[in-house]
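Observations on the model geometry
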Amino acid sequence: MCRHLGWLGEPVSVASLVTEPANGLLVQSYSPRRQKHGLMNADGWGVGFFDGDTPRRWRSATPMWGDASLASVAPALRSGCIVAAVRSASVGMPIEATASAPFTDGQWLLSHNGLVDRAVLPLSATAESTNDSALLAASIFARGLDALGHTIVEVAAADPNARLNILAGNGSRLLATTWGDTLSMLRRRDGVVLASEPYDDDPGWQEIPDRHLVEVTGAGVELTPLKGSS
Ligand code: GLN
């Protein structure tokens, strides 16, 4: 399992979301508070953000806490749409930078918290790595993000043990699913944060119920239940 975070709103720095908060992704990399699977997230990290329409990424296969440059550069990376993650690789999955979220199809930045049997996912020539999250990302991209809820329900039907928390942004929309793991939302005056767990103790954090699709746009936040087979 991993922890991820997304932002949609006014341009803010990556540091303000990831490295500066008391319990931001940097701290969650070694001391997450709500993680149900895995103890820490030491197998890599990724920060993705939109630079105009262009998604840009900085990914690594090493622990976020050990990076020599992130603390220096993160205050200068500013964007209105950010998707970042720290990774705890599942057993048997490769540990390499290309296996760290966010994944991209050139339009979306996408992260997966969870585990899915790779045998239920279609083979993909475009997957960035061979871990389950990269294969799942490729099949979500192939179906299109407008079908995200359907894709998650279908994958869950094929693998009833799957945990499928997705977070994806394209610059003007932030989409997330809850399927087996935690997700919280903070509505701020300058934008909306979706995160696997709160990055601080602000009482404004709301927990998103399991098996839901969340869509954040400039117009607001929409929550839709996902109907599964069980
Ligand atoms: N199954 C994921 C992987 O190994 C685990 C990390 C995560 O929750 N995305 O890639």
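Within every chain, residues take consecutive numbers counted from 1 along the sequence as written. Where totals are concerned, whole chains, interfaces and linings use all residues; where local detail is concerned, this predicted model gives features only for residues with pLDDT of at least 70, and gives and counts side-chain atom pairs only at 80 or more. With hydrogens and water stripped out, all remaining heavy atoms of the structure feed into the side-chain values.

1. Some points on the site of the ligand
For the ligand, the set of nearby residues contains 13 residues, the closest of which are Cys2, Ser90, His112, Asn131 and Asp132. Within the contact set of the ligand, a nitrogen atom lies 2.7 Å away from a side-chain nitrogen or oxygen of Asp132. We define a polar contact as two N or O atoms separated by no more than 3.5 Å, with the added condition that, inside protein, one atom must be a possible hydrogen donor and the other a possible acceptor, whereas residues neighbouring each other in sequence contribute only through side-chain atom pairs. In the model, a nitrogen atom of the ligand is placed 3.2 Å from a nitrogen or oxygen of the Ser133 side chain. For the area figures, the Shrake-Rupley method with a 1.4 Å probe applies, and any residue is considered shielded solely by the protein chains shown. Notes on the ligand: free accessible area 290 Å², of which the protein chains cover 99%. Of all the elements, strand β6 (residues 109-115) adds the most residues to the shell around the ligand, at three residues. The nearness test applies per residue and asks whether one of its heavy atoms lies within 4 Å of the molecule or strand. Here a strand is any run of E in DSSP of at least two residues, a helix any run of H or I of at least four, and the numbering for each starts at the N terminus.

2. A closer look at the nonpolar core
Here, the term nonpolar core denotes a set of buried Ala, Val, Leu, Ile, Met, Phe, Trp, Tyr and Cys residues that are joined through side-chain atoms within 4.5 Å. Exposed residues in this analysis have more than 50% of their type's maximum accessible area, buried residues have under 20%, and partly exposed residues fall in between, with area computed by a 1.4 Å probe over protein chains only. The biggest cluster of nonpolar side chains holds 28 residues, and the ones touching the most others in it are Leu110, Leu136, Ile140, Leu145, Leu148, Ile152 and Leu164. It is helix α4 (residues 132-143) that contributes the most residues to this core, seven residues altogether. One finds Ala74, Leu186, Val193 and Trp205 within the second-largest nonpolar core, a separate group that totals 23 residues.

3. Here we look at helix α5 (residues 148-158)
Since the α-helix packs 3.6 residues into each turn, any two residues three or four apart lie on the same face. Listed as buried for α5 are Leu148, Gly149, Thr151, Ile152, Val155 and Ala156. Within α5, the buried residues cover an arc of 165° as seen down the axis, which keeps them to one side. Any pair of residues with heavy atoms lying within 4.5 Å of one another is described as a contacting pair. Looking at the buried side of α5, the elements it contacts are α4, β7 (163-169), β8 (174-178) and β12 (212-217). An arc is given here, and it is the one of the directions from the helix axis to the C-beta atoms.

4. Section: a nonpolar patch on the surface
A contiguous nonpolar surface patch, about 460 Å² in accessible area, is contributed by Tyr30, Leu39, Met40 and Trp65. One can find Met40 in the loop between α2 (25-28) and β2 (45-51). Within the patch definition used here, like charges are joined within 9 Å and nonpolar side chains (Val, Leu, Ile, Met, Phe, Trp, Tyr) within 5 Å, considering only residues with over 30% relative accessible area and no salt bridge. When a carboxyl oxygen of Asp or Glu is within 4 Å of a side-chain nitrogen of Lys or Arg, the pair counts as a salt bridge.

5. Description of the packing of aromatic side chains
Any pair of Phe, Tyr and Trp rings, taking the six-membered ring for Trp, is counted once the centres come within 6.5 Å. Such a pair is stacked with planes under 30 degrees apart, edge-to-face with planes over 60 apart, and tilted for the rest. Counting across every chain of the model gives three aromatic pairs. Measuring from centroid to centroid gives 6.1 Å for Tyr30 and Trp65, while their planes differ by 80°, and the two rings are edge-to-face. Of this pair, Tyr30 sits in the loop between α2 and β2 while Trp65 sits in the loop between β3 (54-60) and α3 (70-73), and the two are 35 residues apart along the sequence. Assessed through its relative accessible area of 40%, Tyr30 is described here as partly exposed. Considering the side-chain rings of Tyr199 and Trp205, the 5.0 Å spacing of their centres and the 90° angle between planes classify their relative orientation as edge-to-face. For the pair Tyr199 and Trp205, a shared accessibility class is recorded, and that class is buried.

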